[in-house]
Amino acid sequence: KNRSEQVTRLICNVITGDLRPINLVDGRHFKNLMKFLEPAYDLPSRQTFTRNIESMYSLAKAKLKTKFSSANYIALTMDLWSSCKLESYLGITGHYMEVCGCKPTLRSCAIATKEVGEAHTGENIARWVESVMEDFSVSPQQIVACVTDNGSNMVSSMRILTEKHGWVHFRCAAHTLQLCIHDCIKQENIKRALGKCCSSFSSVLQTITEGHECIKLVMDCLTRWNSSYEMLLRLVKYQLILRIVLRDETVTPRNKASHLELRESNWILIQHLVELLEPLKAATAFLEGDQYVSISSVIPVIKGLYEKYNTTLPEEDSFIVNFKRDMSESILRRFSTVLSDESSSSITVKNMYRKATFLHPAYKTKYFNRPVAVQVKTFCLCIYIYCYSYTGDKLGNTGTSPVPLESSTRTAGVLSLEDILSLGKTDNSSDSGEEDVSITEGINWYLRQKCSQADPLTWWQANQLNSQLSQLTAKYLIIPATSAPSERCFSSAGLTVSKLRSRLTGKHVEILNFLHIN
C-alpha cells in the first residue's frame, strides 16, 4: 500500500510539475507503461488523480499561509492575462524574506492565477486583490509595496489600494524602459527598416538552413520585451546568409526577393540600432530578476542609462545623435520619479527607491547629490534611533539572526552593467564616511566600509552586529524592480491552458499553476 501511494503521488508530480494533462492517466499507452513497470499497481481513475491534486493544493496553500504569517513584510506583483479560450486571469506573486537555517533568502511564490469574469476596472481589480489577500490570511499591514505595469486600470486599482491601505505602487521598470524604446523607434526611417525586416521574415525567412544547422530568426513583437533588439541582432549575425538566400532563385523567386532585400543604408541603420539598444537589453535582463535584490539598482541603472544617452561624441552621425537625444528625453520624462530631485506626488515611491539604494553596500550615497544624501541619511537616523530605543519588531527583527547567502548576484547580466552603473554616479555625493554630528556612529561606520558589487543580503548578514540598519533590509530590499514574476506566472499558465486542454475550469487552472510554480 505504501508503494502504491508513493507511485500515485509521483504521477501527480508528473502532471503538475511537467504540465501534463490529467487525462494522461486515461491513455492506453500510459496504462501499458505502468502495467509493465508496476504489474501489481492498480492505476486509479482520472477523478481520483484530480482529487489528489486538489488535496496537494490545499496542503501547499496552507504551508504558504504559514510562511506568510511569519513574514513581517510582503511585496506583490500583479498582471492580467487572457488565455487561448479568451478567459481572463489575474496573476499575483508574493515576495518576502525567509531565514532558512542560517541563510536569509528572498522568496518568490505564485499566490493566485484567479479567473475573473467581470470588467477589468480599477475598482474590480482592487476588490479581487483584497479577496486574494484575505483568502491567504495576509493583512493589509504586511504589504509594503505592489509592482504593476503602466496600464491605466492597474494604476487606477493601485490608487484605490494606496488610499485605503497605504500600499506603495511601483511601476514596472522594465515595462517603462520598453515604452522608452517605443518612443524612439517612431522615427520614420526606423519604422520603415523594421517593417522591411518583419515583411522579409514573415514571407520566406522565418527559418533558413546553414548546412545541417537550423537557424531561427526572431520576429519583432510589440508586447515582448526587447524583441526589436533580438530581431535586429539576429539579422546582423546572419546577414551574409540572408543575402545568399535572397539571391538564390530556387529558394526565393526574383520578383519576391527584389522587394524583400534590404538596402545598404538599412543594414547600416540596423547595425547602429543594435549598438544603441544593447544597454537597454542588459538593463532589462538584470532588473527583471526575482532571485536577488533588484529594487536597489533601479536608481543606479536608470541614471547610468540617462547619462549614456545624454552624452554624444563628435564623430557620431546625425542618426545616432537624434536617437540618443530622443532616448534621453524619454527616460527623463518616464522616469521622473527616479531622476528628479524635486518633490512630487510620488514622493513616497521616490523615497523608497532612495532607501533601497542607500541600503545596498555597493551604492550607498554614490548616486545622490549632497542634499538628497543628507535627506536619506536623516531618515535612516530616525529608524536607527527607533531600533536602538525599542524592540525593533516593526522593522522585521524577529529575534532570529539571519546569515549570508552562499551565492552572489554577480551574474553575467550584472557584469554587463558595470559601465552603465559607473556613469550614473554623482560627483558631489558624500560617501567618505566623515564624522557628522547629526549621524550616529552606526551610519558613519556603514559609510566608511569599502564594498564591491556584492549581494547586499550576504553583506548585511556578515555585518549585522555593527549597524542596526541591517534590520531595514527585510522591508526595503524584498521589492522586485519589475512585474516580470507575474509575467512568468502566465507563461506556465499559457502552457496549462492549451488548445488540447480547453475544458479545464478556472479553478483547476489556478490549482495546476500554483503547484507547478511553487
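These figures come from a predicted structure and were not determined experimentally.

S.K.: Help me understand the packing of helix 11 (residues 264-287) against helix 12 (residues 298-309), please; the structure alone is not making it clear to me.
M.R.: Packed helix pairs are specified by the crossing angle of their axes together with the interaxial distance, meaning the distance between the axes. Running from N to C, helix 11 and helix 12 cross one another at 180 degrees; their axes reach a closest spacing of 11 Å. Between helix 11 and helix 12, the crossing angle belongs to the class labelled roughly antiparallel. Touching Leu276, Leu277, Pro279, Leu280, Ala283 and Leu287 of helix 11 are Val298, Val301, Leu305, Lys308 and Tyr309, all from helix 12.

S.K.: Teacher, can you tell me more about a nonpolar patch on the surface here?
M.R.: On the surface, a cluster of nonpolar side chains totalling about 350 Å² of accessible area is made up of Leu33, Phe36 and Leu37. Within the element layout of this structure, Leu37 appears in helix 2 (residues 28-37).

S.K.: Is there a simple way to explain the packing of aromatic side chains in this structure?
M.R.: Any two aromatic rings considered together are summarised by their centre-to-centre distance and by the angle between their planes. Counted according to the given criterion, the structure contains 14 aromatic pairs. Judged by centre distance (6.4 Å) and plane angle (65 degrees), the ring pair of Phe68 and Phe136 falls under edge-to-face. Note that Phe68 is positioned in helix 3 (residues 46-70) and Phe136 in the loop between helix 4 (122-135) and strand 4 (143-148), a separation of 68 residues in sequence. Judged by centre distance (5.0 Å) and plane angle (90 degrees), the ring pair of Trp459 and Trp460 falls under edge-to-face. For Trp460, a relative accessible area of 2% puts it in the buried group. An aromatic cluster of at least three residues, connected via ring pairs, comprises Tyr57, Phe68, Tyr96, Phe136 and Phe514. Directly above the ring of Phe136 sits Lys61, whose terminal nitrogen or CZ lies 5.2 Å from the centroid. Here the basic side chain of Lys364 rests over the ring of Tyr446, its NZ or CZ set 5.2 Å away from the ring centre.

S.K.: Explain the side chain of Thr496 to me, please; I cannot follow it from the model alone.
M.R.: Summarising the element assignment, Thr496 is placed in helix 22 (residues 484-496). Residue Thr496 is classed as buried on the basis of its relative accessible area, which comes to 1%.

Rules behind the numbers
- Residue positions within a chain follow its written sequence, with the count starting from 1.
- Owing to the predicted nature of the model, reporting of local features is limited to residues with pLDDT of at least 70; listing and counting of side-chain atom pairs is limited to 80 or more, with chain, interface and lining totals taken over all residues.
- Side-chain measures here rest on the full set of heavy atoms in the structure, leaving out hydrogens and waters.
- Axis definition: a line fit to C-alpha positions, over the contact stretch in the case of helices; interaxial angles, taken between N-to-C directions, run 0 to 180 degrees.
- Note on conventions: DSSP H or I runs of at least 4 residues are helices, E runs of at least 2 residues are strands, and numbering of each starts at the N terminus.
- Orientation labels follow simple angle bins: below 35 degrees gives roughly parallel, above 145 gives roughly antiparallel, 65 to 115 gives roughly perpendicular, and whatever is left gives oblique.
- Here a residue-residue contact requires only that any non-hydrogen atoms of the pair lie within 4.5 Å.
- Note that patches include only residues with greater than 30% relative accessible area and no salt bridge, and the join distances are 9 Å for like charges and 5 Å for nonpolar side chains (Val, Leu, Ile, Met, Phe, Trp, Tyr).
- Note that accessible areas follow from Shrake-Rupley with a 1.4 Å probe, and for residues the cover is restricted to the protein chains shown.
- Definition used for salt bridges: Asp or Glu carboxyl oxygen within 4 Å of a side-chain nitrogen of Lys or Arg.
- Geometry of aromatic contacts follows a simple scheme: Phe, Tyr and Trp rings, the Trp one being its six-membered ring, pair when their centres are within 6.5 Å, and the pair is stacked under 30 degrees between planes, edge-to-face over 60, tilted otherwise.
- Throughout, exposure labels follow a simple rule: accessible area from a 1.4 Å probe, protein chains only, divided by the maximum for the residue type, with under 20% read as buried, over 50% as exposed, and the rest as partly exposed.
- By the criterion adopted, a ring carries a charge over it if an Arg CZ or a Lys NZ lies within 6 Å of its centre and within 35 degrees of its normal.

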